[in-house]
Amino acid sequence: MKSKIHKIVDNNRNSLSKNRILIIALTLIYTLGFSQTDKRLKGIEKQFNSVLESTKAAGFAVAIVEGDKVIYAKGFGYSDYENKVSVDANTLFAIGSSTKAFTSSLLGLHREADKLSFDDSPRKYIPELEFYNNDMNNTIIIKDLMRHSTGLPRHDGSWYFFPNPSKDSLVARLKYHEPFTGVRQKWYYNNFGFLAQGVITERITGKSWEENIEEQFFKPLGMDRSKTTIDGMKKSSNAAFGYKLDADRNIEKTDYYDISGMSPAGSINSSVNDMSAWLITWINNGKYKDEQIIPEAYVKEAMSSQMVVAAGLPSKELPDAQFANYGYGWFLHSYKGHYMVEHGGNIDGFSASVGFYPSDSLGIVVLANQNGSAVPRLIRNIAADHMLKVKKTEWAKKHKEDLEKALKTQEKVEEDKELSNVKNTKPSHTRIDYTGSYAHKGYGKFNVVVKNDSLFSKLNNKTQYLSHFHYDTFEFIDVKDGKVDTTGIGSSIKIIFTTNVSGDIDYGRIAAEPMVDAIAFKRTPNTIDVDAKTLEQYVGKYDLAGTEIKAYIKDENVLYVFLKGQPEYALIPTAEDKFNFKTLEGFKIEFIKIDDKIAEVKFIQPNGIFVAKRKSED
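First, a word on what this report is: a plain description of the structure on this page. Small disclaimer: the values here were computed from a predicted structure and weren't measured.

## Focus: the overall build of the chain
Next up, step 1: For the chain, the helix and strand inventory stands at 15 helices and 32 strands.
Next up, step 2: Overall, the C-alpha framework of the chain stretches about 130 × 60 × 55 Å when taken along its three principal axes.
Next up, step 3: Long-range pairs, those at least 24 residues apart, make up 56% of the contacts in the chain with a sequence separation of at least 6.
Next up, step 4: Of the accessible surface of the chain, which amounts to about 30900 Å², a share of 50% is contributed by carbon and sulfur atoms.
Next up, step 5: Positive and negative side-chain charges in the chain, numbering 82 and 80 respectively, have mean positions lying 6 Å apart.

## Considering the packing of helix α8 (residues 191-205) against helix α9 (residues 209-218)
Next up, step 1: Packing of α8 against α9 leaves a shortest axis separation of 9 Å and a crossing angle of 80°. Classified by the angle between their axes, α8 and α9 sit roughly perpendicular to one another. The segment α8 lies against α9, with Gly-198, Thr-201, Glu-202 and Thr-205 engaging Trp-209, Glu-210 and Asn-212.
Next up, step 2: Classifying every residue of the contact of α8 with α9 by side-chain character gives one nonpolar, four polar and two charged.

## Some thoughts on the sheet that holds strand β14 (residues 350-357)
Next up, step 1: Reading across from one edge, β3-β2-β1-β15-β14-β13-β12-β11-β10 is the order of the nine strands in this open sheet, with antiparallel pairing throughout. Looking at the sheet topology across the chains shown, the edges are occupied by β3 (85-86) and β10 (307-310).
Next up, step 2: Across three bridges, β10 lies against strand β11 (residues 324-326) in antiparallel orientation. Along β11, the bridge assignment pairs Ala-310 with Ala-324.

## Here's the deal with the nonpolar core
Next up, step 1: By size, the foremost hydrophobic cluster in this structure holds 85 residues, and its most contacted members are Phe-102, Phe-217, Trp-278, Trp-282 and Trp-330.
Next up, step 2: No other element matches helix α11 (residues 272-283), which puts eight residues into this core.
Next up, step 3: Ignoring sequence-local partners within four residues, the contact set of Phe-102 consists of Ile-95, Ile-213, Phe-217, Phe-218, Met-223, Ile-268, Met-275 and Trp-278.
Next up, step 4: Judged by nonpolar contacts, the second largest core, of 31 residues, contains Ile-44, Leu-378, Ile-382 and Ala-396.

## A look at the packing of helix α2 (residues 44-55) against helix α13 (residues 375-388)
Next up, step 1: At a minimum axis separation of 10 Å, α2 and α13 run at an interaxial angle of 165°. The angle between α2 and α13 falls in the class roughly antiparallel. The chirality of how α2 crosses α13 is right-handed. Counted together, Ile-44, Gln-47, Phe-48, Val-51 and Thr-55 of α2 and Val-375, Leu-378, Ile-379, Ile-382, Ala-383 and His-386 of α13 form the full contact between these two elements.
Next up, step 2: Across the contact of α2 with α13, the residue classes tally to eight nonpolar, three polar and no charged.

## A look at the environment of Asn-557
Next up, step 1: Looking at the element boundaries, Asn-557 is found in the loop between β26 (547-554) and β27 (558-563).
Next up, step 2: What makes Asn-557 partly exposed here is its relative accessible area of 43%.
Next up, step 3: Placed 479 residues apart in sequence, Asn-557 and Tyr-78 show a C-alpha to C-alpha distance of 61 Å.
Next up, step 4: Sequence-distant contacts of Asn-557, defined by excluding residues within four places in its chain, comprise Ala-532 and Leu-535.

## Quick word on the pairing of strand β29 (residues 578-581)
Next up, step 1: For strand β28 (residues 569-575) and β29, the ladder comprises four bridges, and the chain directions are antiparallel. Within the sheet, the bridge partner assigned to Leu-571 lies in β29 and is Phe-581.
Next up, step 2: Joining the antiparallel neighbours β28 and β29 is a turn of two residues, in which Asp-577 adopts a positive phi near 70°.
Next up, step 3: One ladder, built from three bridges, connects β29 with strand β30 (residues 588-594); its direction is antiparallel.

## Concerning α13
Next up, step 1: For α13, spanning 14 residues, the distance from its first C-alpha to its last is 20 Å, which sits close to the expected 20 Å at 1.5 Å a residue.
Next up, step 2: Burial analysis of α13 places 13 of its 14 residues in the buried class, the great majority of the element.
Next up, step 3: Lys-389, located one to two residues past α13, shows a positive phi value of around 55°.

Parameters at a glance
Residues numbered from 1 in each chain as written. Predicted model: local features only at pLDDT ≥ 70, side-chain atom pairs only at ≥ 80, totals over all residues. Heavy atoms only, no water. Helix = DSSP H or I, 4+ residues; strand = E, 2+ residues; numbered from the N terminus. Contact = heavy atoms within 4.5 Å. Areas by Shrake-Rupley, 256 points an atom, 1.4 Å probe, with all protein chains shown as cover. Lys, Arg positive; Asp, Glu negative; His and termini not counted. Charge placed at Lys NZ, Arg CZ, Asp CG, Glu CD. Axes fitted to C-alpha atoms, helices over the stretch in contact; angles between N-to-C directions. Parallel < 35°, antiparallel > 145°, perpendicular 65-115°, else oblique. Nonpolar A, V, L, I, M, F, W, Y, C, P; charged D, E, K, R; others polar. Pairing = 2+ DSSP bridges. Core = buried A, V, L, I, M, F, W, Y, C linked by side-chain atoms within 4.5 Å. Buried < 20%, exposed > 50% of the residue type's maximum accessible area, 1.4 Å probe, protein only. Left-handed = near helix turned anticlockwise from the far one by under 90°. Expected span 1.5 Å × (residues − 1).

Structure representation (structure tokens):
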């Protein structure tokens, strides 16, 4: 028989063992996402999985907060679809434009510290900042940047297709961005306004926007896994890959998109666990664990109506929807009679929704690794229906029905595009005539080259095939693994080449911004290298109807022509025996050989073609 001491020890061991089992069980329940702790969430995961299936998403994570507590946090599907790595509440996703509320909140901190006023001109802090016209320069205030009321359309092609790591360089492009309406006349979403806010923060603090976000929000909120750059995400463990659906609606992996210098508009990468702290802060008037992270006055102002987005009229599906407005980095809606503050996010391979219902002390964040996905909206609405105790909508079923209608509409659109194509037309010029660099000061520069008797564009180490559509209109088609992706033909961006009075291709016009005329990229012909010996053959005097023209070399092998009474003109070699005037658009010359010797020079000008004969040497 065991002694009493042994019995006591055994009882203690059994007790400790039971406690360990209890701790493990509680930990498991916590890890699985609190799914058994709130009766309001009964049956919700079946609906979540139904959305995952109907949308063909790789994965998503969702967290629900109430008051100052996280009551649910869980992942569904895969962060790495190919290797079947599961999503959890700590998985990092790109949150895209859900970043905007962070950026504007920094300005709320600056205002609280009397370092700026929202009624100040942004040019007070960025002196070199210029807008398209003087009315904008003199009228736009910081508040217009925060609520999308500058009169500018998106001009997203400027940063998306022509990224730049320098925020200041991107800000300089604003001068060349055409508005579509007057300042404060209409609301229109514009990422550059949030870029400018980020630069204002940098000028005030002397620190980068990224450092400000980390110091002011990530650290005090314990958002230890969150990153402000895509590079930070790549180096992190448990980070999701991005995915999209291909033309056949199969899951396809996408590359990470580096938003680069445009970071204040949408570069944060986070998890639903980290974002829960952000939502708790907003629900509690800017406080987190008794610390005032964001000024209370700013919180109330930021989630109140600053600009009307649209009518936001009630619909059959949402009869209680009553408005659609914008605050500072937040959209404002009514959801089934409940005031909702929310902002979505979309960037290559990722979609997000970060929202809260201030009157209900409820917050919901959904992060998905699917491009342009409906998942965040659907999951958010399902969660809201359960938590707000309102009449539930069958969101997964509704999405499936809406998707079927959308796919049929898309087929009709593709048919109409096919009809818009004028058959049996040809380009007006030979392929080589379209080559050169194309530039716009508000966007950037790309090149057009000939390879294997085809035209290709080159931009940021990315090559696209220029497929002839009709006349002088071509389509940009992606090149994947060295092959042209023909699935993109008929739905891609188009470029229209135009000519000047001399018949040369002068611009490539791309409808990159639907609210204004096509963006005109000015063409500069490609140049060739010509050695000194070759240039020597063009040197001499030429007679043009009794007027002498001189051709000579200076400035380290640059050929010039000079006509008395006019300035000298530098020439740029574009092909064998062909040159363009460096400073005169539409003016070019061609040297003509007879018996392998330069005998004439042909001046090709907007007002005609003139031939000068070479004078014999004295």
